[in-house]
Amino acid sequence: MKAPRPFLRIAAETEVELAVGPFTITPERETVCDFSAVVHTDDFAIMVIRPGLTNDMSSFLRTFTPLVWLLILCSFVGVIVALAGVVWAEDKVFALCINKLLDKVALSVIQIITQQGTNWVPTADGGRFVVITWILSSFVFMSSFSGILTAMLTVPRVTIPIDSLADLVAQTHLPWRVEAGSFINKFLMESGDPVRQKVVSRMAGFIPDCWTARQAVANGEYAAVCDETSMKKSMSWDYSTTGKCHLYIARQKVYSNAMMAVAFKVNSTFRSKADEIIMMVKESGLLERWMGTEITNTSQCLRPPTSDKRDTFSALSVQAFSGPFLVLAFDYPSHDEQDSAPHAGSAVSVGTTPYRSKQQRMTIY
């Protein structure tokens, strides 16, 4: 992809006396033209469409990190193994003759962690101690899970897909473009960083500048890499026109403290006088005041997308509950018909002596 011919080189090869710009000062550009005193410094970043609320089927699983979920799964399996081992050992000691021990233990552990009533409790104290420990642990887990899930449904959650150059090149749904003739292209390619080089090699094309491409970026057609002053001016225009924020500046800087100046033909007689005017305008505060009048209404749009003001509460959609509904569709706990009424002679109170007569032991299970 061939970039347009740089404007500074065109100016240097003709009778043009100066180019206002302002342009970023680079060693390569200083070989073809002279620069005035620095007008201002600026940063370069990525401008994308502003992220909004997102819902997906797995949102209810994001209450904990994958490591926490893995530890919970390991605890779940460990409790089943421990409880089955303790009850099996007590069965050998007290001759309880428990049928389908593993099935009952697994079902009881599942019912406890999902806060459902369990119809089977170990008869001996050792097994009951394990059950009580699991009940307390499950209470802490479910209380934390329900609290975090409530907060996630109450407070809007915004996922920012592109907040750095790495995020930009890692995704494929949004193309990006760079300003034509910008020094950023050369800087990224010569940086030696594979991520930065991919920004140039995989870009979708060029744009004249961010101000020209502001509407296309706000519509989500592509992202743009350019100076923050142009991006803030685009934000000001967007908010003043629509009353909403449709643009977002990524947090990572592509380039920091770029020095901007007016370009003159080599050995131009006008440069010294221009330097005096530029310094006078800067020292008097006129430049800062002028930029302040040009760039307004940006404070709201520069805030994180999670802090966007909403006049009313957003109604929860079916998509927000799609994950829990899917789990609920497969959640049909099986209850034995014989569990609907307590068995004669069964012991369910903690602390009872697990001794039974031979006839009772034969009828309990």
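Above this text you will find the structure in question.
All figures in this text were calculated on a predicted structure; none of them were measured in a lab.

S.K.: I'd like a rundown of a nonpolar patch on the surface, residues and numbers included.
M.R.: Taken together, the side chains of Leu-67, Leu-70, Leu-71, Leu-73, Val-77 and Val-81 make up a nonpolar region of the molecular surface, amounting to roughly 580 Å² of accessible area. Among the secondary structure elements, Leu-67 is positioned in helix 2 (residues 66-94). According to the relative accessible area criterion, Leu-67 is exposed, its value standing at 56%.

S.K.: Please give an account of unusual backbone geometry that cites residues and values.
M.R.: The phi torsion at Lys-100 lies on the positive side, around 50°, for a residue other than glycine. Inspection of the secondary structure puts Lys-100 in the loop between helix 2 and helix 3 (101-113). Taking the relative accessible area as the measure of exposure, Lys-100 reaches 64% and is therefore exposed. For Gln-115, which is not glycine, the phi torsion reads 60° and is therefore positive. Position of Gln-115 among the secondary structure elements: in the loop between helix 3 and helix 4 (125-154).

S.K.: Tell me about the side chain of Ser-138, and please be specific about residues and values.
M.R.: For Ser-138, the position within the fold is in helix 4. The exposure class assigned to Ser-138 is buried, which follows from its relative accessible area of 3%. If sequence neighbours within four positions are ignored, Ser-138 has contacts with Ile-112 and Ile-113.

S.K.: Go over the packing of aromatic side chains, please, and point to the residues and values.
M.R.: Enumeration according to the criterion identifies 10 aromatic pairs in this entry. Ring geometry for Phe-64 against Phe-145: centres 6.2 Å apart, planes inclined by 35°, an arrangement best described as tilted. Pair noted here: Phe-64 is in the loop between strand 3 (40-49) and helix 2 and Phe-145 is in helix 4, with a separation of 81 residues, a long-range link. For the residue pair Phe-64 and Phe-145, the accessibility class agrees, reading buried in each case. Measuring from ring centre to ring centre gives 4.9 Å for Phe-183 and Tyr-255, while their planes differ by 85°; the resulting arrangement is edge-to-face. Placement of Phe-183 in helix 6 (residues 183-189) and of Tyr-255 in strand 8 (residues 255-264) is noted, with a sequence separation of 72 residues between them.

S.K.: Residues and numbers for helix 2, please.
M.R.: Three or four residues apart is the spacing at which side chains of an α-helix point the same way, because the helix has 3.6 residues per turn. The end-to-end C-alpha distance of helix 2, which contains 29 residues, comes to 42 Å, matching closely the 42 Å that a straight helix rising 1.5 Å per residue would cover. Those residues of helix 2 that fall on the buried side of the exposure criterion are Ile-72, Val-79, Ile-80, Leu-83, Ala-84, Val-87, Glu-90 and Asp-91. One or two residues past the end of helix 2 sits Ala-95, with phi positive at roughly 55°.

S.K.: Could you give me a rundown of the nonpolar core, with the residues and numbers involved?
M.R.: Core analysis: the largest hydrophobic core is formed by 24 residues, its most contacted members being Ile-46, Ile-184 and Val-254. Of all the elements in the fold, those that place two or more residues in this core are strand 3, helix 5 (165-170), strand 4 (176-179), helix 6, helix 7 (194-201), strand 6 (223-227) and strand 8. Contacts of Ile-184, omitting those with residues within four sequence positions, involve Phe-44, Val-178, Val-225, Val-254 and Tyr-255. Grouped together as the second largest cluster of nonpolar side chains are 22 residues, Ala-84, Val-109, Val-131 and Phe-141 included.

S.K.: Help me get a handle on the pattern of salt bridges, residues and values and all.
M.R.: Taken as a whole, this structure holds 4 salt bridges when the rule is applied. Its salt-bridge partner being Asp-193, residue Arg-196 comes within 4.0 Å of it at the nearest N-O pair. For Arg-196, a relative accessible area of 28% translates into the label partly exposed. Under the relative-accessibility criterion, Asp-193 is labelled partly exposed at 28%. Of the charged contacts, one joins Glu-276 and Lys-273 as a salt bridge, the two residues approaching to 3.8 Å between their closest N and O atoms. Residue Glu-276 and its partner Lys-273 are located together in helix 10 (residues 271-283), separated by 3 residues, close to a single helical turn.

S.K.: So what about the pairing of strand 8? Which residues, and what values?
M.R.: Bridge count between strand 1 (residues 18-24) and strand 8: 4 bridges; the pairing is antiparallel. Looking at the pairing, Leu-18 lines up with Phe-264 of strand 8. Note: strand 2 (residues 34-35) against strand 8, 2 bridges, orientation antiparallel. In the strand pairing of strand 8, Asp-34 is matched with Phe-264. Looking at chain direction, strand 3 and strand 8 are connected through 4 bridges and run antiparallel. Bridge pairing links Asp-42 to Ala-258 in strand 8.

S.K.: Tell me what's going on with the state of the cysteines, and back it up with residues and numbers.
M.R.: All told, the structure shown has 2 disulfides when counted by the stated rule. A sulfur-sulfur distance of 1.5 Å marks the disulfide that ties Cys-210 to Cys-226. Judged by the torsion about the S-S bond (-55°), the Cys-210/Cys-226 disulfide is left-handed. Pair noted here: Cys-210 is in the loop between strand 5 (205-207) and helix 8 (214-218) and Cys-226 is in strand 6, with a separation of 16 residues, a long-range link. Cys-226 gets classed as buried once you look at its relative accessible area, which sits at 0%. Between the sulfur atoms of Cys-245 and its disulfide partner Cys-301 the distance amounts to 2.1 Å. Taking the sign of the S-S torsion, about -85° here, the bridge from Cys-245 to Cys-301 comes out left-handed. Of the two residues, Cys-245 is situated in the loop between helix 9 (228-242) and strand 7 (247-249) and Cys-301 in the loop between helix 11 (286-294) and helix 12 (322-329); the sequence distance between them amounts to 56 residues. Each member of the pair, Cys-245 as well as Cys-301, is classed as buried.

Conventions used here
Throughout, a residue's number is its position along its own chain's written sequence, starting from 1. For a predicted model such as this one, the threshold for reporting local features is a pLDDT of at least 70, and the threshold for listing and counting side-chain atom pairs is 80 or more; totals across whole chains, interfaces and linings nevertheless cover every residue. Remark: hydrogens and water are excluded; side-chain values derive from all non-hydrogen atoms of the structure. Candidates for patches are residues over 30% relative accessible area with no salt bridge; among them, like charges are joined within 9 Å and nonpolar side chains (Val, Leu, Ile, Met, Phe, Trp, Tyr) within 5 Å. Each accessible area is a Shrake-Rupley estimate made with a 1.4 Å probe; only the visible protein chains count as cover when residues are assessed. In what follows, salt bridge is the name for a side-chain nitrogen of Lys or Arg lying within 4 Å of a carboxyl oxygen of Asp or Glu. The numbering of helices and of strands both runs from the N terminus, where a helix is a DSSP run of H or I of at least 4 residues and a strand a run of E of at least 2. Only protein chains enter the area calculation, which uses a 1.4 Å probe; residues under 20% of their type maximum are buried, those over 50% are exposed, and those in between are partly exposed. In this analysis, two residues are considered to be in contact whenever any of their non-hydrogen atoms come within 4.5 Å of each other. In summary, the pairing rule links any two rings of Phe, Tyr or Trp, Trp by its six-membered ring, whose centres are within 6.5 Å, and it sorts them by plane angle into stacked for under 30 degrees, edge-to-face for over 60 and tilted for everything else. A helix's residues, less one, multiplied by 1.5 Å, set its expected span. In this text, buried Ala, Val, Leu, Ile, Met, Phe, Trp, Tyr and Cys residues form a nonpolar core when linked through side-chain atoms within 4.5 Å. Each pair of strands is called paired provided DSSP finds at least two bridges between the two strands. Pairs of cysteine sulfur atoms within 2.5 Å are what we label disulfides.

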